[in-house]
Amino acid sequence: MKKVFRTIAAISILTVALSGCGSKTASTSGSSSSSANNKPFVYVAQQVVDSIDPAVGVDETELISVINMYDPLFYPKRTNGSMDPVAHIAKSYQVSPDGKKYTIKLRNDVTFHSGNKLTANDVVYSMERELALKRGNSWLWDGLFTDGSIKAVDDNTVEFDLSKPYAPFIASLTQLFIVDSQTVKKNTVSNDYGAKYLESHDAGSGPYTLGQWNRQSEIDFKAYPKYYLGWKNSQFKNVQMKFITEEATAKTLLISGQADMVHEYLNTTAYEEFKKNSSLVVKEGPSAMIQEMPMNTKKAPTDDINVRKAIATAFDYNTANKQINDGAAQARGPVPNMVKGNSPDLTMYKTNLDEAKAYLAKSKYAGQKLEVTYQYVAGDATERQLGQLLTTDLAQIGITVKVSEATWPQITQAVTKPDTTANFTMIYDTLKYPHVDSHTYGKYAKSAQGNYRSASWLDDPEVNQTLDDARAAISQDDQLKLYEKAQDLITALCPSIYIADTTHRIAYQKDIKGYEFVPLMGYDIAFYYFSK
């Protein structure tokens, strides 16, 4: 998952941060022998929620909000670290022999928070809305449909008639969250597909409805009593997600018991401290996240492949991973090791200053004084340390690094254009949908450009064609061979410093039950599955 922190107005006054915790009670009915119904579950993140519109949200806290208020057609399997898409709102599906027509049967017992019944018309509208707004994850389905090719056959059957085979289609539907079309249409202004309305209201069928939302401090969720999977007394009927930028404050909230869980992006030393506390659980293991520094291939001097290779071989991976990342393994390339389709034979860039100097001498900038820019999220100690390491390493081959910090909204705005994207943008990139396509096409296809994941601005005809061919392949074996070929091509072009195949860590109170690591952004923080 992308590690993103929103820098917000100071919430660092501890008394203010603590005063809001545990202050609300659940509003849903039902007797309980558990305190879970009387005390809210408090989750601490270090970034705000910019949007709760399921057609807009793409980062961590946005997707957590969406996942808890809306339902997708398919849900990633939550057991044993699996991520295979399994039926959720969908009951079953069939695919035509040519791989282009998908017929999906829906459950008939799901209602929206408005009371309206969820039908195939809502599914059709939700996809059409995604494609019309052209925001969020809409690029997943770009170019797949023509007018009338998404149809409601009956109330419980929807048909997707694709213009071409698309290997990750079912996997991608973990990102299609179904909206209440009747409610959204009633609140549409100037053909905006309800965009303004959904920035401050929900129109989902998920386990929670939107409670209070202070955009600078917290967002609250209330249980939807008629959720189709039902409720147990031990589940949390009221949830608060608090935005705490100061790591010390986040730690204090958890240690004091005034927070139930903190997110996975604290400094590794924080989790070592938590391990020593008998009241806390620290769960850790392999993740589906790559820590990397995309290099802007459209901006001098990183527009030169030999400069990029010089940088990649000057970088000190050992210090980065052993000291800063607390023992993380070096990433082989753009795809995490745990993702099926990861190429096992990629050539990894290793630290070698002699090779780095030789690459630099072959570049079109040989003999020139070079300066590059490195941008990271303000307040993130790990990203700051990696920037300092980069500065030291590149100084040894005569390249000056200009380091700057910025808020996450500033960074996401900067990466929408090549000329405003830094030479290096520090990112953490996790699986967005359960398919190798996420870390290949989702980062390096031309149609996916304009967001933090594609901050390298790589545009290579052979890479683009190979990725298109992989998506169109019907046989899974053919698909995987092509995705592996794409990885070979991409790493040969050196569009990023692939630093670490990261370790996932999360900490919570020992009386919290039901947490399962799901290697798909946001899905492990599905509050419905937590209990006490």
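Check the entry above for the structure.
Caption draft 1: Focus on the overall build of the protein. Check the secondary structure of the protein and you find 15 helices and 18 strands. For the protein, the C-alpha radius of gyration of 23 Å lies close to 24 Å, the compact-globule estimate for 532 residues. For the protein, the spread of C-alpha atoms along the principal axes amounts to about 70 × 60 × 45 Å. Residue burial in the protein is summarised as follows: out of 532 residues, 59% are buried. For the protein, contacts bridging at least 24 residues in sequence account for 73% of all contacts bridging at least 6. Approximately 19,900 Å² of the protein is accessible, and the part contributed by carbon and sulfur atoms is 47%.

Caption draft 2: Seen up close, empty space enclosed by the protein. The full count for this structure, using the stated rule, is four cavities of 30 Å³ or more. Space inside the largest cavity adds up to approximately 220 Å³. Lining the largest cavity are 18 residues, with E264, T268, Y428, T503 and R505 sitting closest to its centre. At the level of elements, α7 (268-275), β12 (280-294) and β18 (496-509) are the ones that each hand at least two residues to the lining of the largest cavity. In terms of residue count, β18 provides more of the lining of the largest cavity than any other element does, four residues in total. Tallied by class, residues from the lining of the largest cavity come to seven nonpolar, eight polar and three charged. In terms of lining, the second largest cavity is formed by I67, N68, Y75, H88, P207, Y227, A526, Y528 and Y529. Classifying every residue of the lining of the second largest cavity gives seven nonpolar, two polar and no charged.

Caption draft 3: Spatial organisation of the layout of surface pockets. Quantified by volume, the largest pocket comes out at close to 860 Å³. Those elements that provide at least two residues to the lining of the largest pocket are α2 (60-69) and α12 (408-414). With four residues, the top contributor of residues to the lining of the largest pocket is α12. For the lining of the largest pocket, the class distribution of residues is 13 nonpolar, 14 polar and nine charged. For the second largest pocket, the calculated volume is near 580 Å³. Of all the secondary-structure elements, those providing two or more residues to the lining of the second largest pocket are β4 (90-95), α4 (169-172), α14 (461-472) and α15 (476-493). In terms of residue class, the lining of the second largest pocket is made up of 20 nonpolar, six polar and three charged.

Caption draft 4: Fine view of unusual backbone geometry. The omega torsion across A300 and P301 is 0 degrees, close enough to zero to call that bond cis. Its place among the elements puts P301 in the loop between β12 and α8 (305-314). Of note in this structure, N191 is not a glycine but carries a positive phi near 60 degrees. Turning to its location among the elements, N191 is positioned in the loop between α5 (181-186) and β8 (208-214). With a relative accessible area of 70%, N191 lands in the exposed category. Not every positive phi belongs to a glycine, and D326 is a case in point at roughly 55 degrees.

Caption draft 5: Quick peek at α7. Within α7, the full set of buried residues consists of T268, A270, Y271 and F274. Relative to the axis of α7, the buried residues are bounded by an arc of 155 degrees and lie together on one face. Along its buried surface, α7 packs onto α6 (247-255), β11 (261-262), β12, α9 (317-324) and β18.

Caption draft 6: Broad picture of the sheet that holds strand β7 (residues 157-161). Within the open sheet, the four strands sit side by side as β4-β5-β7-β6. Their pairing is antiparallel. For this open sheet the edge positions go to β4 and β6 (150-154), each flanked by a neighbour on one side alone. Adjacent strand axes in the sheet meet at a mean angle of 20 degrees when their direction is disregarded. Bridge analysis of β6 against β7 gives four bridges, and the strand direction is antiparallel. Opposite K151, over in β7, you have E159 as the bridge partner.

Caption draft 7: Broad picture of the side chain of D122. Take D122: it is sitting in helix α3 (residues 120-133). No salt bridge is formed by the buried D122; its nearest oppositely charged neighbour, K185, is found at 7.4 Å. Polar side-chain contacts of D122 include one of 2.9 Å to the backbone nitrogen of T119. Each residue touching D122, except ones within four places of it in the same chain, is listed here: F112, K117, I178, V179, D180, S181 and Q182.

Caption draft 8: Up close: the pairing of β12. Alignment of β12 against β18, held across twelve bridges, turns out to be antiparallel. Within β18, the position partnered with Q291 by the bridge is A500.

Caption draft 9: Structural view of the environment of S438. With respect to the helices, strands and loops of the structure, S438 is situated in helix α13 (residues 437-444). Relative accessible area serves as the criterion here: at 0%, S438 is assigned to the buried category. In this structure, the C-alpha to C-alpha distance between S438 and V335, residues 103 residues apart in sequence, is 8.6 Å. If we ignore the near neighbours within four places in the chain, the residues touching S438 are T430, L431, K432, Y433, K443 and R453.

Caption draft 10: Spotlight on the packing of aromatic side chains. In total, this model carries 28 aromatic pairs according to the counting rule given. Geometrically, the ring pair formed by F74 and Y93 is edge-to-face, given 5.6 Å between the ring centres and 85 degrees between the ring planes. In this pair, F74 is assigned in strand β2 (residues 74-76) and Y93 in strand β4, connecting sequence segments 19 residues apart. Residue F74 is classed as buried on the basis of its relative accessible area of 2%. Classification of Y93 by relative accessible area gives partly exposed; the value is 40%. The interplanar angle of 65 degrees and the centroid separation of 5.2 Å between the aromatic rings of W408 and Y452 together place this pair among those described as edge-to-face. Of this pair, W408 sits in helix α12 while Y452 sits in the loop between α13 and α14, and the two are 44 residues apart along the sequence. For the pair formed by W408 and Y452, the shared burial category is buried. The ring centre of Y529 lies 4.0 Å from the NZ or CZ of R78, which sits over that ring. Cation over ring: R471 sits above Y441, and NZ or CZ is 3.4 Å from the ring centre.

About the thresholds
Residues numbered from 1 in each chain as written. Predicted model: local features only at pLDDT ≥ 70, side-chain atom pairs only at ≥ 80, totals over all residues. Heavy atoms only, no water. Helix = DSSP H or I, 4+ residues; strand = E, 2+ residues; numbered from the N terminus. Rg over C-alpha atoms; globule rule 2.2 N^0.38 Å. Buried < 20%, exposed > 50% of the residue type's maximum accessible area, 1.4 Å probe, protein only. Contact = heavy atoms within 4.5 Å. Areas by Shrake-Rupley, 256 points an atom, 1.4 Å probe, with all protein chains shown as cover. 1 Å grid on protein atoms, 1.4 Å probe; cavity = no way out; pocket = protein on both sides within 12 Å on 5 of 7 lines; lining within 4 Å. Points joined across faces, edges and corners; volume = space filled by probe spheres on them. Nonpolar A, V, L, I, M, F, W, Y, C, P; charged D, E, K, R; others polar. Arc of directions from axis to C-beta. Pairing = 2+ DSSP bridges. Axes fitted to C-alpha atoms, helices over the stretch in contact; angles between N-to-C directions. Lys, Arg positive; Asp, Glu negative; His and termini not counted. Salt bridge = Lys/Arg side-chain N within 4 Å of Asp/Glu carboxyl O. Polar contact = N/O pair within 3.5 Å; in protein donor to acceptor, adjacent residues only side chain to side chain. Phe/Tyr/Trp six-rings, centres within 6.5 Å; stacked < 30°, edge-to-face > 60°. Lys NZ or Arg CZ within 6 Å of the ring centre and 35° of its normal.

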